[in-house]
Amino acid sequence: MSLRDLSVLYLIAGLACAVAVYRASPEGRRRAALSAALCVPLWPIWAPIALTAGRGEGGERVSGAAGEAAARVQGALREGVSACAGTSFEALLSREAASRIEAEVARAAARHAELDALLRQSGFDEGAAAARVAEIERGGGAGARSLATAHLHLENIRRLRAMRDRDARALEELADLVQALRTQLVLARFAGSSVEGVGGIVSEVWARVEGLGAAIDAHGAGTEGPIAT
């Protein structure tokens, strides 16, 4: 197969992915079109991110504050990449780097959505769990084991709620920071600011992104200890 044939196949695959990304995008038509256009030349990298960034586990859309924060990060990153393209700042925020950041944000938003859905189930109601503890304590005849189990159940729910809320705060803070990076890059492009003025924000963005990934990997590996039932 010649190089020309491979190029044609690559282009066809890119166009097919672009159509899929455009149809699946939860954003407005303009952003969906931009995402689809980016998918044509970069479909091996961009298509998996664009198709999964707005979805939680089981194919559900990531909504709420975490989903909005993830969308803010995505939009600001794209504008930042465009602002520094072809300038001395391009090495600070390349398309590949932006894709990596979006992938971590998508993972965090998906986990938040999964935790939020879990905590909406009746078996994870904090009020009901606290009421059960109080009921056993008032009764006095259920035994120490039953009381310890009820306390453990309540503590597990509170830990899950704390994880969910921590993810939401981290995503909101990252979204604010990435938006600040975007405006700094735009300013640097038109005002001729130095690279050093942008590097500090980029470092902070990466630190927060790595923190998100580390938290997800730690909880996934159970490094905080199992949640007993």
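Further up the page is the structure itself.
Residues numbered from 1 in each chain as written. Predicted model: local features only at pLDDT ≥ 70, side-chain atom pairs only at ≥ 80, totals over all residues. Heavy atoms only, no water.

Kindly report on the overall build of the protein chain, identifying the contributing residues and their values.
Secondary structure summary: the protein chain contains seven helices and zero strands in total. Across the protein chain, helices and strands are ordered from the amino to the carboxyl terminus as α-α-α-α-α-α-α. Buried positions account for 34% of the 229 residues belonging to the protein chain. Contacts in the protein chain between residues at least 24 apart in sequence constitute 75% of all its contacts with a sequence separation of at least 6. As displayed, the protein chain offers around 12,700 Å² of accessible surface, 57% of which is attributable to carbon and sulfur atoms. (Helix = DSSP H or I, 4+ residues; strand = E, 2+ residues; numbered from the N terminus. Buried < 20%, exposed > 50% of the residue type's maximum accessible area, 1.4 Å probe, protein only. Contact = heavy atoms within 4.5 Å. Areas by Shrake-Rupley, 256 points an atom, 1.4 Å probe, with all protein chains shown as cover.)

Quick rundown of the pattern of salt bridges? Include the residues and the values.
Applying the stated criterion to the full structure yields 13 salt bridges. Among the ionic pairs, Arg107 bridges to Glu104, the shortest N-O distance being 3.0 Å. Placement of both Arg107 and Glu104 in helix H4 (residues 95-119) is noted, with a separation of three residues, approximately one turn of the helix. Take Arg107: its relative accessible area is 32%, and that puts it in the partly exposed class. (Salt bridge = Lys/Arg side-chain N within 4 Å of Asp/Glu carboxyl O.)

I'd like a description of the nonpolar core, backed by residues and values.
If you look at the biggest cluster of nonpolar residues, it comprises 32 residues, and the most contacted ones within it are Val73, Leu93, Ile101, Leu171, Leu174, Leu185 and Val205. When residues of this core are traced back to their parent elements, those giving at least two are helix H3 (64-84), H4, helix H6 (144-191) and helix H7 (196-221). In terms of residue count, the dominant contributor to this core is H3 (nine residues). Filtering out sequence-adjacent residues up to four positions away, Leu171 remains in contact with Ala66, Ala69, Val105, Ala108, Ala109 and Leu212. Ala129, Val133, Ile136 and Leu160 belong to the second largest nonpolar core, which has 10 residues in total. (Core = buried A, V, L, I, M, F, W, Y, C linked by side-chain atoms within 4.5 Å.)

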